[in-house]
Amino acid sequence: MSSTNSPEAVKKLLENMQGDLRALSLECKKKFPPVKEAAESGIIKVKTIAARNTEILAALKENSSEVVQPFLMGCGTKEPKITQLCLAAIQRLMSHEVVSETAAGNIINMLWQLMENSLEELKLLQTVLVLLTTNTVVHDEALSKAIVLCFRLHFTKDNITNNTAAATVRQVVTVVFERMVAEDERHRDIIEQPALVQANSNRRSVSTLKPCAKDAYMLFQHQEFSFLLKERVCPLVIKLFSPNIKFRQGSNTSSSPAPVEKPYFPICMRLLRVVSVLIKQFYSLLVTECEIFLSLLVKFLDADKPQWLRAVAVESIHRLCVQPQLLRSFCQSYDMKQHSTKVFRDIVNALGSFIQSLFLVPPTGNPATANQAGNNNAGGTVSAPANPGMLGIGGGVTLLPAFEYRGTWIPILTITVQGSAKATYLEMLDKVEPPTIPEGYAMSVAFHCLLDLVRGITSMIEGELGETEMECQTSSEAASSTTQSSEQQELQSTADEMDKEIVNRAVWEEMVNACWCGLLAALSLLLDASTDEAATENILKAELTMAALCGRLGLVTSRDAFITAICKGSLPPHYALTVLNTTTAATLSNKSYSIQGQSVMMISPSSESHQQVVAVGQPLAVQPQGTVMLTSKNIQCMRTLLNLAHCHGAVLGTSWQLVLATLQHLVWILGLKPSSGGALKPGRAVEGPSTVLTTAVMTDLPVISNILSRLFESSQYLDDVSLHHLINALCSLSVEAMDMAYGNNKEPSLFAVAKLLETGLVNMHRIEILWRPLTGHLLEKVCQHPNSRMREWGAEALTALIKAGLTFNHDPPLSQNQRLQLLLLNPLKEMSSINHPDIRLKQLECVLQILQSQGDSLGPGWPLVLGVMGAIRNDQGESLIRTAFQCLQLVVTDFLPTMPCTCLQIVVDVAGSFGLHNQELNISLTSIGLLWNISDYFFQRGEIIEKELNKEEAAQQKQAEEKGVVLNRPFHPAPPFDCLWLCLYAKLGELCVDPRPAVRKSAGQTLFSTIGAHGTLLQHSTWHTVIWKVLFHLLDRVRESSTTADKEKIESGGGNILIHHSRDTAEKQWAETWVLTLAGVARIFNTRRYLLQPLGDFSRAWDVLLDHIQSAALSKNNEVSLAALKSFQEILQIVSPVRDSDKPETPPAVNVPVSVLLGSISGPGLSRPFVRTDSIGERLGRYSSSEPPVVTDELEDLNLWWAAWNTWYRIGSESTKPPITFDKLTFIPSQPFLTALIQIYPALYQHIKTGFNMDDLQKLGVILHSAISVPISSDASPFILPSYTEAVLTSLQEAVLTALDVLQKAICVGPENMQIMYPAIFDQLLAFVEFSCKPPQYGQLETKHIANAKYNQIQLFAPAEWVALNYVPFAERSLEVVVDLYQKTACHKAVVNEKVLQNIIKTLRVPLSLKYSCPSESTWKLAVSSLLKVLSIGLPVARQHASSGKFDSMWPELANTFEDFLFTKSIPPDNLSIQEFQRNESIDVEVVQLISTEILPYANFIPKEFVGQIMTMLNKGSIHSQSSSFTEAEIDIRLREEFSKMCFETLLQFSFSNKVTTPQEGYISRMALSVLLKRSQDVLHRYIEDERLSGKCPLPRQQVTEIIFVLKAVSTLIDSLKKTQPENVDGNTWAQVIALYPTLVECITCSSSEVCSALKEALVPFKDFMQPPASKVQNGES
């Protein structure tokens, strides 16, 4: 612009104009004078304008019509030269924009005339163009005239003109529209006033338009023009299409004659161009015509048409395909109308058929070669000649981009930039002959058609969709924020939008529905045939965008079909993947569509694609198959698939299943294995031929793995519904993988599980919505799968999710969202129902990690976590139990304070359950330790726990009341804190009856220590439960187990531990438990008596306890029975509370009454003391002075003691009763047991003495007697017994005597009525005395005498013999007691009445008669001395009561006793020394002295028979002739001379004493003397006889002794007679004495010197009888 405005330019213009005018005038000078004149006046005009005006150009423009006039006239001359000159001048004016509207009109009219005359046609066109392009002055009529002029010129015969005209038209039309745009630009900033509508406005014009715009509008709204188009042009065009393509020349413009049957290229090509233009530009005018055009156009693609025709047709279709809006209109106008052709669908299908036909019909037109090529091809390398694209065959095959399918090879040519339809053959306007089409051209164009079609449709629809969504969003936002007033119209607009969207959506869906089948068929085929990476990429991109679009529009079938296609492309050919063959989408793959009546099969991929194999792997299948190969194309498809899932996951919906199934198989073939967090990493295949990967793929793998992970990471951006689709798909995929893994141990596909994990992890922020399906699947299906690898990953995924869920930073945090926390922990609990140990191990490891990381913040989750530990069962293997226990230990050591107190009970239960596991003893023992730690914790934090529990209890109580149910918890009436303790005690109680002894022992000790240490914390009333539900319950179970325990010997304690013989049977091991338990309970009864006694049913508890003690004491196990007695002793040491009246002295240390110590110290006013110790001082400190001491009722107390006595009696009588039969296993109570039993009695007796009566004494006596009789086993005897010779009592014997001692002392100080018990005590003691000579029998048991027992110390396990004890010391001690007691009690009425003395004598008679035969010599000596002592006291008493006859029966007994003792039948032992003998003789003498001093003097008080017996006895003793049973060896027996002498003296003293009062007595003594003398006579006679017969042989020693004794006796007798008063001696006696004399004289001859000396002594006294004989008379008288 500036160049034409500059002064130089203007100057030049003026010069040129003047020059032109001059030239014109010159030319016309001759022929056309008017023109010449006009030219010259024009020169003047120009000069004037130039001179007058400053704005020369403006002035020129104003006057332009005049300036132009000469030139117009020049053109009118029709002289070529002049015309050319004029046109050039006009053009110069135009280019300087100095032409006004009128001038322009004139110019156009002039041009029209020239055109009519066919002059300067090219120059005309040029002028028009300049006119219209340089300025905007031509409008309306002028403009249309100019355009028509160009059209007219287009139809000249001259080719060049034609073409130029065509170009000009094109340019002119463009200019019209460009002017409009420019005009709009200029007026953009001016705010338009609505123009008033003028009445006379041009009928064809829209009055408000600005001039240029109006032109543009008018150009095609020209009624004539549109009419022309519709009525004339279209029919012509349709005619040209002539269906049979015979091409009768329908237009006279075509000059060259063509053969009728052949299509003519130029016409055909132009026809299609016209059609293209018509459709493109005039579609809205020619809707129906276009339908016909398009239908016909489609037919040009048929296979029977010439190649060039098809190529041109494809090009024109391509032009349509790049205009999505146009396609949309087709769809709206035809496909969506009911009765019209489905044009859009046909176009797409035609393209598909076209592409397919190119493959099926080889371009050579020779079908044979194609087939042959196809067949040869099966082998792999291509040998057919139809492959010009192969540059080299073999190792490195490099390929041109091409499609190849079943031997047909079609190169891909680069045609256009995508999205623009640049036609080659449609533009060949200069060609007349049809060109040769290069191979692959048509295919390439068709291929681009498809791509552009897809790209256009999808971008258009997605754009519109996006707009709609935006509008909806903004309108909904606006609607929510609008005020009342505008609401109505908002709603209206929203409604409109909704309608618009419904319409739009219908169009979109129809478009997709119309085209997808054809597109898919074509694209699938191309994908299969493609050998070029870029082409493949484009095809895949098209499929992907279509799939995404279908997804967005919710068209499931088509979406799935496209996705299936991509999936199939990803997998190796013919890969058996059911999901692709069975889903709804895939039903299409075997269905043929009919495209324009031609049946087209969907072609499934063929295996002969010439692709580089990049990986070899195993297919994922149930049965192992061979390997499969992946090509680079497969990998490319896989990446597309990943891309699809990644970018369009939200619209995949149910097709996730397809996508994921395919990915799973690919991942499997490539050998990717899951690693932590669910990401897949390249791993080695486990079995079978390993996966082989080329380096190309190796580098790709990490990328693929990464994309896979990113794909699932991006699931966090999916909406909830899509996310659920994804999860469901993964779940069903996982189910399939699991079905495959059933029944074999192959490596399963873990893809689904790993990805479920990954998806869960990235969606933690909204985990609630997917938690149940996710964990449900993992729990119910995967974790319970028989394949261990599958299970392991299921558990791995589940635990990883739980841990991540707990550590994730939720909003609100978990601590404030208990529901979520429990939701997260719940699957952990659910895992407990799975029996596979590997799963449980994972579960427990997870718990351990949760505890370590989250332990402090579990809160309400504790019951679940603890439940997991507690759910481990005994049969689940050691490692599981160990891990679970580790968790528990961690809880107890670190987390008790952080958990809610309500969970403490669960902790106790769980710890207890570990104690009961029998897999690992150490765990059981440690868990008992944990229970102890827990109890300590309860104790230390008692107040806090109690408070919290009470609060909780109140809340629960309230809830229960609201619901109207009863609150149900164990040990209910007790307060909650006490219940906690009771649960702990109950658990320990269960462990106390565990089958393993070590556990029982440990649990028992812990239980009793705990109750002992912390029992004071319990409420008073709770003790009732402790006693009955815990302690007694435990005792019952222990008793039952112990009594039924196995007696089989246990060889070793597992491993090589030896078991001590005292524990080598189950029974013995249970015995230990019983002992421990009973002792523990007894100790509690003892130490806590002050708490227990005030409980209502103490006496019942006491009875139960006694019953337990009794059954334990009577058990056939020494250890148990002895321990039972110890416990018995323990509970009996309790001092009964005493009343003030008779209380003993107060202990000096604490100056309070004893009753305070023992009374109950808990009162309602006291808060519970948290004190562990239990000393008296503490208790007193807690005792509030205001309360009176509670004293137990004495009567009740007595009942307790009597109950104890009854128990004691039952134990005693049962345990000591001899068994009926004996064998090796017979149980005989041990000495320590019996000792302990008897030792209990004295303590017990102190409490019951007031009511102790004869019956009880009788019972006691039986027990003492039986206990003393029990033998001991020979292997125990060395430890219990002194050696036989020592006179020591065993402790049992001591105890028995002590018991009797206590009793008799009590009787001694007791009231009168007790003394009737004395005789019974004597009886008891005397029974013991008898043991000295006759040990007691224990039933039928054969016992050995202790001296003969073999001590089996060496043979430890030989069967024991039973040994009777040495009872002598015991019997002797008893005898001493008897003597003592008798000395004290001889005069007691009972003692007199019950003939105690007689019994004593009767008892002593046994040892006395045995004398030397007694087991112990000391026995008879003691018996004698005791007899003497007793008689010295008893005889006076007896004499006192002589008249009552109470002692009558005693005398004969006494006489017999003397007789048996003094004339014993037992022989003194050979080794008796002289001194011993003499000592023994002196004892005999003592007895005779007793008779002479204590009995004979009081003969008048004594029965006659007795005195007679005594006399006879003394008589016998006085001679004491030895029996003839002496052997030679015993001949030197000592004679008891002293004794005889004593007897004689006593006898004589008694016989001849002047005290004889009755004649009877005298008679007795006479009788005695005559007997004595008679015997002496006989002895002497016999001796003499024997002496004579024996000759020189000496007589036997005993006979000599006898004679000597007789001689001595005679001399003694004579002495005695002399001393006696003469009147006491009967004359007869003297006669007998003197009659001895002759016999004595005869003895003189004997040879024995001893006899001689005795004879001498005997003869000497006879001198006193030497008197002169008196007269016979005298003698006869006397």
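A quick note: this is a predicted structure, and the numbers were derived from the prediction, not measured.

Participant: So, the pattern of salt bridges: which residues are in play, and what are the values?
Facilitator: Side chains carrying opposite charge are able to pair once their charged atoms draw close together. Tallied over the full model, the rule gives 32 salt bridges. In this structure, Lys 842 engages Glu 796 in a salt bridge whose closest nitrogen and oxygen atoms are separated by 3.7 Å. Linking Lys 842 in helix H32 (residues 837-854) with Glu 796 in helix H30 (residues 788-807), this pair joins segments that are 46 residues apart in sequence. By relative accessible area, Lys 842 is classed as buried at 18%. Classification of Glu 796 by relative accessible area gives partly exposed; the value is 25%. A salt bridge links Glu 990 to Lys 987; the shortest N-O distance between them is 3.4 Å. Taken together, the residues span about one helical turn, with Glu 990 and Lys 987 both in helix H38 (residues 976-991) at a distance of 3 residues. The exposure class of Glu 990 is partly exposed, given its relative accessible area of 30%. Looking at Lys 987, the relative accessible area reads 13%, which means it is buried. One salt-bridge network, held together by shared partners, links Glu 1417, Lys 1421, Glu 1476 and Arg 1479.

Participant: Outline the pairing of strand S1 (residues 402-405), supporting the account with residue identities and numerical values.
Facilitator: With burial as the criterion, each face of S1 is covered, one bearing Ala 402 and Glu 404 and the other bearing Phe 403 and Tyr 405. One ladder, built from 4 bridges, connects S1 with strand S2 (residues 408-411); its direction is antiparallel. Pairing of Tyr 405 across the sheet is with Thr 408, part of S2. Linking S1 back to S2 in an antiparallel pair, the connection comprises 2 residues, with Arg 406 at a positive phi of about 45°.

Participant: So what's going on with the nonpolar core? Which residues, and what values?
Facilitator: Core analysis: the largest hydrophobic core is formed by 388 residues, its most contacted members being Leu 708, Leu 851, Met 869, Phe 1128, Trp 1208 and Phe 1458. Here the element with the most residues in this core is helix H20 (residues 484-529); it accounts for 16 residues. Not counting residues up to four positions away in its chain, the partners in contact with Leu 708 are Leu 642, Leu 663, Val 667, Leu 672, Leu 680, Phe 751 and Lys 755. In terms of nonpolar packing, the next biggest core, distinct from the first, is built from 59 residues, Ile 56, Leu 72, Met 94 and Val 176 among them.

Participant: Quick one: what's the story with the state of the cysteines, residue by residue and with numbers?
Facilitator: Here the structure, examined in full by the defined rule, presents 0 disulfides. No disulfide involves Cys 515; its nearest neighbouring cysteine sulfur is the one of Cys 550, lying 7.6 Å away. A relative accessible area of 0% places Cys 515 in the buried class. Cys 550 gets classed as buried once you look at its relative accessible area, which sits at 0%.

Participant: Could you give an account of the packing of aromatic side chains, naming the residues involved and the relevant values?
Facilitator: For the structure on display, the rule yields 30 aromatic pairs. Measuring from centroid to centroid gives 6.4 Å for Tyr 937 and Phe 938, while their planes differ by 55°, and the two rings are tilted. Phe 938 sits in the buried class, given a relative accessible area of 0%. One cation-aromatic arrangement involves Lys 1259 over Tyr 1209; the distance from NZ or CZ to the ring centre is 5.0 Å.

Participant: Please provide a residue-by-residue account of unusual backbone geometry, values included.
Facilitator: A cis amide bond, omega -5°, links Asp 811 with the succeeding residue Pro 812. With respect to the element layout, Pro 812 can be found in the loop between H30 and helix H31 (818-830). You will see that Lys 78, though not glycine, has its phi angle at about 65°, which is positive. Note on Lys 78: relative accessible area 41%, which makes it partly exposed. Phi is positive for Lys 1411, close to 45°, though the residue is something other than glycine.

Participant: How would you sum up a nonpolar patch on the surface? Please name residues and give values.
Facilitator: A cluster of nonpolar side chains, contributed by Tyr 1637, Val 1641, Ile 1644 and Met 1666, occupies part of the molecular surface with about 360 Å² of accessible area. By the element assignment, Val 1641 lies in helix H63 (residues 1627-1642).

Participant: I'd like to hear about helix H8 (residues 121-134), residue by residue, with values.
Facilitator: With 14 residues, H8 extends 20 Å between its outermost C-alpha atoms, agreeing within 8% with the 20 Å of an ideal straight helix rising 1.5 Å per residue. Taken as a whole, H8 has its buried residues at Glu 121, Leu 124, Leu 125, Thr 127, Val 128, Leu 129, Leu 131 and Leu 132. Buried-residue contacts for H8 involve helix H6 (80-95), helix H7 (101-116), helix H9 (140-154) and helix H10 (159-186).

Participant: With reference to specific residues and values, describe the packing of helix H33 (residues 862-870) against helix H35 (residues 904-916).
Facilitator: In the contact formed by H33 and H35, the axes pass within 9 Å of each other and the chain directions differ by 10°. As judged from the angle between their axes, H33 and H35 are roughly parallel. Residues Pro 863, Leu 866, Met 869 and Gly 870 of H33 form the contact with H35, whose own contacting residues are Ile 906, Val 907, Val 910, Ser 913 and Phe 914.

Participant: Can you break down helix H15 (residues 307-321) residue by residue, with the values?
Facilitator: For H15, built from 15 residues, the straight-helix expectation of 21 Å at 1.5 Å per residue is met to within 8% by its first-to-last C-alpha distance of 21 Å. With 14 of its 15 residues buried, H15 lies for the most part within the structure.

Each value, and the rule that gives it
- Residues numbered from 1 in each chain as written.
- Predicted model: local features only at pLDDT ≥ 70, side-chain atom pairs only at ≥ 80, totals over all residues.
- Heavy atoms only, no water.
- Salt bridge = Lys/Arg side-chain N within 4 Å of Asp/Glu carboxyl O.
- Helix = DSSP H or I, 4+ residues; strand = E, 2+ residues; numbered from the N terminus.
- Buried < 20%, exposed > 50% of the residue type's maximum accessible area, 1.4 Å probe, protein only.
- Pairing = 2+ DSSP bridges.
- Core = buried A, V, L, I, M, F, W, Y, C linked by side-chain atoms within 4.5 Å.
- Contact = heavy atoms within 4.5 Å.
- Disulfide = S-S within 2.5 Å.
- Phe/Tyr/Trp six-rings, centres within 6.5 Å; stacked < 30°, edge-to-face > 60°.
- Lys NZ or Arg CZ within 6 Å of the ring centre and 35° of its normal.
- Patch = residues over 30% accessible without salt bridge, like charges linked within 9 Å, V, L, I, M, F, W, Y side chains within 5 Å.
- Areas by Shrake-Rupley, 256 points an atom, 1.4 Å probe, with all protein chains shown as cover.
- Expected span 1.5 Å × (residues − 1).
- Axes fitted to C-alpha atoms, helices over the stretch in contact; angles between N-to-C directions.
- Parallel < 35°, antiparallel > 145°, perpendicular 65-115°, else oblique.

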